[in-house]
Amino acid sequence: MAQRQSIAQAQLDAARQFLSERVRRQPPEEESLQLPDVLEEEFAYLDGLKALPAKWHEWSIRPQDILDPADFARKLHAAQKDIVSGPDGRNGTTADATRDISKTLLGAHSAGGEGLSAAFKAYMDAKLPRVELANRLKEQIAGRMNELLDETELCFYPGFATLQLDAHGEALRLTQLTTVGGRHRELNRLLFETAYPSQLAKVRDVQLSRLYAQARAHDHAALCLSGGGIRSATFGLGVLQGLARLGLLNRFRYMSTVSGGGYLGSWLSAWMMRSGPTHVAQALSHVPREKLQPEPEPIRHLRAFSNFLSPRFGALSADTWTLLATYVRNLWINWLVSVPLLAAVIFVPYVARAIVDSQRQHWGVLGGWPLPAALVVIGALLAAQSVRFVHASRPQSDARRPNKHATGAEAFTSVRPSQERFLAHCLLPLVLSTVMLTTAWQLFRSWDLVHDAGPDVPLGLAHIPVLRDHFALTVFAVVGALIHVVGWLFARRRSRHPYIEFFAIVVTGGLAGIAAHLFADLMQLPVKPAQHDDMYVVLAMPVFLMVMVFGSQLFLAWT
């Protein structure tokens, strides 16, 4: 018993360390209001409640929240096999986390766990499970989960700690790391919903169903004014007047607007705030009798200033020149932000083209043959870094679990890569590698083809083996295999069959290199390479990236 408690405490400490590290590397977004919370506040306001009821949120799990008891039983069965025979092939996926959570539900040292185990056994032993057995299983599952909802440290238990929640859930988990108690029931309910997405009803959906039923019971209605500029605002004004004359305008409780409808909606809201909804409805329903003053003052004001971007139009009007100055200023601001970025991207092929031209016309101006050699080495290393990131982020190798009694940080998965890490550690190195390798190959081919064009090119350069077709295919295959192998080795992630995976990596990397050579030959012309350099610098990068994707897909299909 003391040893079991020591292992459990070590696992909790490791989970805290793991979650703290994940929060440090990936700070959760600021918690935002959820849709049910907003709707609840609106209903409370409309119903005249000064404050929400004390227990407005109900996080407890009801038997009817268990949507698929048969599928739930299958997950419990997989967890029971782990308990009996030990874990088999743990990969750190959500399925593994769900299996650990199911084992927690079947815990033998609690009354709820024993009751659930008995109901689960009766359900599985029945050849044709009856409705009463399914209902009993649902009741026991709900009871056991409610028992665990009160655990203040449930988010640190095996399986729970490795689940990736949405922004709202991660913000709650950060709160749980810094404080004890508080909103732990809400967090625990979200953890269960993430572990059993299709077997357990989401509490937000339950709340929304209840709120929608309340809305239908109150017979609320909403007025929606669409966009379309001043034409939609004019049309909407006629609709408002028609509703007011029919006595229906005061029956609307909500208003939704966009664009031109927003111009009319803001005018209506401001008028109601100043004069009251009853007065506005009466004024809009008024049928004009005087020819010189047919409409109320607010409506005349709205029509007079319908050209709201430039109320006083004319060549000498300050409104016209203000509108023109604002347009030109905003246009230049957008151009200053977007045009340099687009120009920088467009400039990359021109740089590669200039390098090739300079080396062809003036051998040695950029360092001679060491330049393409350096481009090959640096480009290959950058490509290997991109491959390393892909292997380190593979879902099936996202964890290293030595055994079921593992403790410390090794018992938990690594942080899921963020978009920022993908851009910095995968996409950027891959693009830079593509530029360098394609430029280096064009240099080699250009020097080879123009060997007889001038005396500046060394005589032995055209006879370098890498430039000969009968040897270039082998070089491409070897370089492709090395890039894939180096990236895989530095990823430091292994599967259950490392030798098979190593063989697959060598073969698929070599095939990708062969494909790259075939495409490189297709894009080369036998004479006058300067005439097709423009086409090469435009097509080489996307073709090389396509070859990289081809190699990755081959590896995935193999493994």
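Residues numbered from 1 in each chain as written. Predicted model: local features only at pLDDT ≥ 70, side-chain atom pairs only at ≥ 80, totals over all residues. Heavy atoms only, no water.

Visitor: Looking at this model, I keep getting lost on the overall build of the chain. Mind explaining?
Guide: For the chain, the helix and strand inventory stands at 19 helices and two strands. Relative to its 559 residues, the chain shows a buried fraction of 39%. Nonlocal contacts in the chain, meaning residues at least 24 apart in sequence, comprise 74% of its contacts between residues at least 6 apart. A total accessible area of about 31800 Å² is found for the chain, and carbon and sulfur atoms account for 63% of it. (Helix = DSSP H or I, 4+ residues; strand = E, 2+ residues; numbered from the N terminus. Buried < 20%, exposed > 50% of the residue type's maximum accessible area, 1.4 Å probe, protein only. Contact = heavy atoms within 4.5 Å. Areas by Shrake-Rupley, 256 points an atom, 1.4 Å probe, with all protein chains shown as cover.)

Visitor: Could you clarify how one ought to interpret the nonpolar core in this entry?
Guide: Nonpolar side chains in soluble globular proteins generally cluster together in the buried interior. If you look at the biggest cluster of nonpolar residues, it comprises 37 residues, and the most contacted ones within it are I61, F72, L105, L137, M145, F192 and Y196. When residues in this core are grouped by element, the largest group, eight residues, is from helix α6 (residues 131-149). Apart from residues no more than four positions distant in its own chain, L105 is found in contact with F72, L76, G113, L116, R144, M145, L148, F192 and Y196. By size, the runner-up hydrophobic cluster in this structure holds 19 residues, among which are L237, L243, W271 and V280. (Core = buried A, V, L, I, M, F, W, Y, C linked by side-chain atoms within 4.5 Å.)

Visitor: What's the story with the packing of aromatic side chains in this structure? I'm lost.
Guide: What characterises a pair of aromatic rings is the spacing of the ring centres plus the angle enclosed by the ring planes. Under the definition given, this model contains six aromatic pairs. Measuring from centroid to centroid gives 4.4 Å for F72 and Y196, while their planes differ by 25°, and the two rings are stacked. On the criterion of sequence distance, the pair formed by F72 in helix α3 (residues 69-85) and Y196 in the loop between α8 (184-195) and α9 (203-218) is long-range, its members being 124 residues apart. Assigned by exposure class, F72 and Y196 land together as buried. Aromatic side chains W267 and W271 sit 5.3 Å apart centroid to centroid with 50° between the ring planes, which places their arrangement in the tilted category. Of this pair, W267 and W271 are both found in helix α11 (residues 260-275), four residues apart, which corresponds to roughly one turn of the helix. Both residues of the pair, W267 and W271, belong to the buried class. (Phe/Tyr/Trp six-rings, centres within 6.5 Å; stacked < 30°, edge-to-face > 60°.)

Visitor: Teacher, can you tell me more about the environment of A540 here?
Guide: With respect to the secondary-structure elements, A540 resides in helix α19 (residues 533-558). Classification of A540 as buried rests on a relative accessible area of 3%. For the pair A540 and P349, spaced 191 residues apart in sequence, the C-alpha to C-alpha distance is 9.8 Å.

Visitor: What exactly am I supposed to notice about the side chain of E193 here?
Guide: Position of E193 among the secondary structure elements: in helix α8. A polar atom in the side chain of E193 sits 2.6 Å from the backbone nitrogen of V203. Residue contacts for E193: discarding those within four places in its chain leaves L200, A201, K202 and V203. (Polar contact = N/O pair within 3.5 Å; in protein donor to acceptor, adjacent residues only side chain to side chain.)

Visitor: Just checking my understanding: could you explain the pattern of salt bridges for this structure?
Guide: When the charged atoms of two side chains lie near each other, side chains of opposite charge can form a pair. Inspection of every chain in the model, using the stated rule, returns ten salt bridges. For R62, the salt bridge is made with D65, and the minimal N-O distance between the two is 2.9 Å. Its relative accessible area of 36% is what places R62 among the partly exposed residues. On the basis of relative accessible area, D65 is assigned to the buried category, the value being 2%. Among the salt bridges present, the one from K103 reaches D100, with a minimum N-O distance of 3.7 Å. Here the residue K103 and the residue D100 both occupy positions in helix α4 (residues 94-105), the gap between them amounting to three residues, near one helical turn. Bridged by salt links that share partners, the residues R62, D65, R189 and E193 form one connected network. (Salt bridge = Lys/Arg side-chain N within 4 Å of Asp/Glu carboxyl O.)

Visitor: I'm lost on the pairing of strand β2 (residues 254-257) in this one. Help?
Guide: Along a regular strand, successive side chains alternate from one face of the sheet to the other. As paired elements, strand β1 (residues 222-225) and β2 share four bridges and run parallel to each other. Bridge pairing in β2 places L223 opposite M255. In this region the chain leaves β1, passes through helix α10 (residues 229-245) and returns to the parallel neighbour β2; the handedness of that crossover is right-handed. (Pairing = 2+ DSSP bridges. Right-handed = clockwise from strand over helix to strand, strands pointing away.)

Visitor: Would you mind going over the side chain of R204 with me for this structure?
Guide: Inspection of the secondary structure assignment puts R204 in helix α9. Once you skip the residues sitting within four places of it in the chain, R204 turns out to touch Q34, P36, D37, W59, H168 and E186.

Visitor: Mind showing me how you'd approach the confidence of the model for the chain here?
Guide: Mean pLDDT over the chain works out to 75, with 72% of the residues at or above the 70 mark. Confidence drops under a pLDDT of 50 for residues 1-5, and excluding neighbours within four residues, the segment shows one contact in the predicted structure. Counting interchain partners and residues more than four positions distant, the pLDDT-below-50 stretch residues 397-415 has 46 contacts. (pLDDT = per-residue confidence, 0-100.)

Visitor: Please explain α9 as it appears in this structure.
Guide: Since there are 3.6 residues in each turn of an α-helix, residues three or four apart along the chain are aligned in direction. Counted at 1.5 Å a residue, the expected span for α9 with its 16 residues is 22 Å, and the 23 Å between its end C-alpha atoms agrees. All buried positions along α9 are accounted for by V203, R204, Q207, L208, L211 and A215. Along the long axis of α9, the arc covered by the buried residues comes to 130°, so they all point the same way. Opposite the buried face of α9, at more than 90 degrees from it, the exposed residues are R216 and A217. Positive phi shows up at D219, right after α9, with a value of about 60°. (Expected span 1.5 Å × (residues − 1). Arc of directions from axis to C-beta.)

Visitor: Teacher, can you tell me more about unusual backbone geometry here?
Guide: Note: most residues except glycine have negative phi, and most peptide bonds are trans. Phi at S259 takes a positive value of approximately 55°, unusual for a residue other than glycine. In this structure, S259 sits in the loop between β2 and α11.

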